[in-house]
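One letter stands for each residue in the lines below.
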Amino acid sequence: MWNSQKPLNLLMSMPETLDKDNLIRLQKVIDIDKMTNSRTYGRDLCGEYAPFCEYCNKKVQYPCAQAYVKMKQAEGFNVQVDETLKGEEPVKPVEVVVTVTEPEVVVEPQPEETVEEIATVIDKKEEPTEPVKIERIRIAYLKRK
């Protein structure tokens, strides 16, 4: 499903200690392949796309790249992420304050209907304008002797 060679080839061309630019390039390669496969399968494959998804922390920057590096480290690959990026602040959610107030409802007075007016409407019968024409179809069949 995923192209394991592209990120591996890119990682092998990078230094042993990855900086921010290296993570960005690695993230882009993974994102392009993930997007292509997501279109093929008709859904977002985030979290189930590749074996490194189990190492993913979606709250950090470049989550796919960092998860891929963690997987490679677990496999014994000699690669490190720069110390300044390990302590990088996770992506913080935006706090939104919503104040809900009850809307003002303005009810305009309606003229009161009397019982006689309602009864007149109910008793009034409308005549159909055209009679309904029923067509009949006759099916003939032969009997064998």
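Residues numbered from 1 in each chain as written. Predicted model: local features only at pLDDT ≥ 70, side-chain atom pairs only at ≥ 80, totals over all residues. Heavy atoms only, no water.

**Let's talk about the overall build of the chain**
Scanning the chain from N- to C-terminus turns up 5 helices and 2 strands. The helix and strand sequence of the chain, counted from the amino end, reads α-β-α-α-β-α-α. Contacts spanning at least 24 positions in sequence make up 60% of the contacts within the chain whose residues lie at least 6 apart. As displayed, the chain has an accessible area near 12900 Å², and 53% of this comes from carbon and sulfur atoms. (Helix = DSSP H or I, 4+ residues; strand = E, 2+ residues; numbered from the N terminus. Contact = heavy atoms within 4.5 Å. Areas by Shrake-Rupley, 256 points an atom, 1.4 Å probe, with all protein chains shown as cover.)

**Brief notes about the nonpolar core**
In terms of nonpolar packing, the biggest core is built from 24 residues, with Leu 23, Leu 26, Tyr 49, Phe 52 and Tyr 68 touching the most fellow members. Looking at which element gives the most residues to this core, the answer is helix α3 (residues 63-74), with 6 residues. (Core = buried A, V, L, I, M, F, W, Y, C linked by side-chain atoms within 4.5 Å. Buried < 20%, exposed > 50% of the residue type's maximum accessible area, 1.4 Å probe, protein only.)

**Regarding the state of the cysteines**
Inspection of every chain in the model, using the stated rule, returns 0 disulfides. With no disulfide of its own, Cys 64 lies 5.7 Å from the sulfur of Cys 56, the closest cysteine sulfur. (Disulfide = S-S within 2.5 Å.)

**Thoughts on the packing of aromatic side chains**
Under the defined criterion, the tally for this structure stands at 2 aromatic pairs. A ring pair is formed by Phe 52 and Tyr 68, whose centres lie 5.5 Å apart and whose planes are at 85°; its orientation type is edge-to-face. Taken together, the residues span a long stretch of sequence, with Phe 52 in the loop between α2 (20-41) and α3 and Tyr 68 in helix α3 at a distance of 16 residues. For the residue pair Phe 52 and Tyr 68, the accessibility class agrees, reading buried in each case. (Phe/Tyr/Trp six-rings, centres within 6.5 Å; stacked < 30°, edge-to-face > 60°.)

**Examining the packing of α2 against α3**
For the pair α2 and α3, the least separation of the axes is 7 Å and the interaxial angle reads 100°. One finds that α2 runs roughly perpendicular with respect to α3. Of the residues in α3, those in contact with Leu 23, Leu 26, Gln 27, Ile 30, Asp 31 and Lys 34 of α2 are Pro 63, Cys 64, Ala 65, Gln 66, Tyr 68 and Val 69. By residue class, the composition of the contact of α2 with α3 is 8 nonpolar, 2 polar and 2 charged. (Axes fitted to C-alpha atoms, helices over the stretch in contact; angles between N-to-C directions. Parallel < 35°, antiparallel > 145°, perpendicular 65-115°, else oblique. Nonpolar A, V, L, I, M, F, W, Y, C, P; charged D, E, K, R; others polar.)

**A look at the side chain of Asp 33**
Tracing the chain through its elements places Asp 33 in helix α2. It turns out Asp 33 is buried and unbridged, and the closest side chain with the opposite charge, Lys 6, is 6.2 Å from it. Dropping the residues within four chain positions of it, Asp 33 is found in contact with Trp 2, Asn 3 and Tyr 49. (Lys, Arg positive; Asp, Glu negative; His and termini not counted. Salt bridge = Lys/Arg side-chain N within 4 Å of Asp/Glu carboxyl O.)

**Describing helix α1 (residues 5-12)**
For α1, the complete set of buried residues consists of Pro 7, Leu 8, Leu 10 and Leu 11. Down the axis, α1 shows its buried residues gathered within 165° of arc, on one side only. Seen from the open side of α1, the exposed residues pointing more than 90 degrees away from its buried face are Lys 6 and Met 12. Where α1 is buried, its residues touch β1 (17-18), α2 and α3. (Arc of directions from axis to C-beta.)

**A word on α2**
Taking 1.5 Å as the rise per residue, α2 with 22 residues should run 32 Å; its terminal C-alpha atoms sit 31 Å apart, in good agreement. Buried within α2 are the following residues: Asn 22, Leu 23, Leu 26, Gln 27, Ile 30, Asp 33, Lys 34, Asn 37 and Ser 38. All buried residues of α2 project into a common sector of 145° when viewed along the axis, lining one side. Residues of α2 that are exposed and angled more than 90 degrees away from the buried face: Asp 21, Lys 28, Ile 32 and Arg 39. Count one or two residues on from α2 and you reach Gly 42, which has phi positive near 75°. (Expected span 1.5 Å × (residues − 1).)

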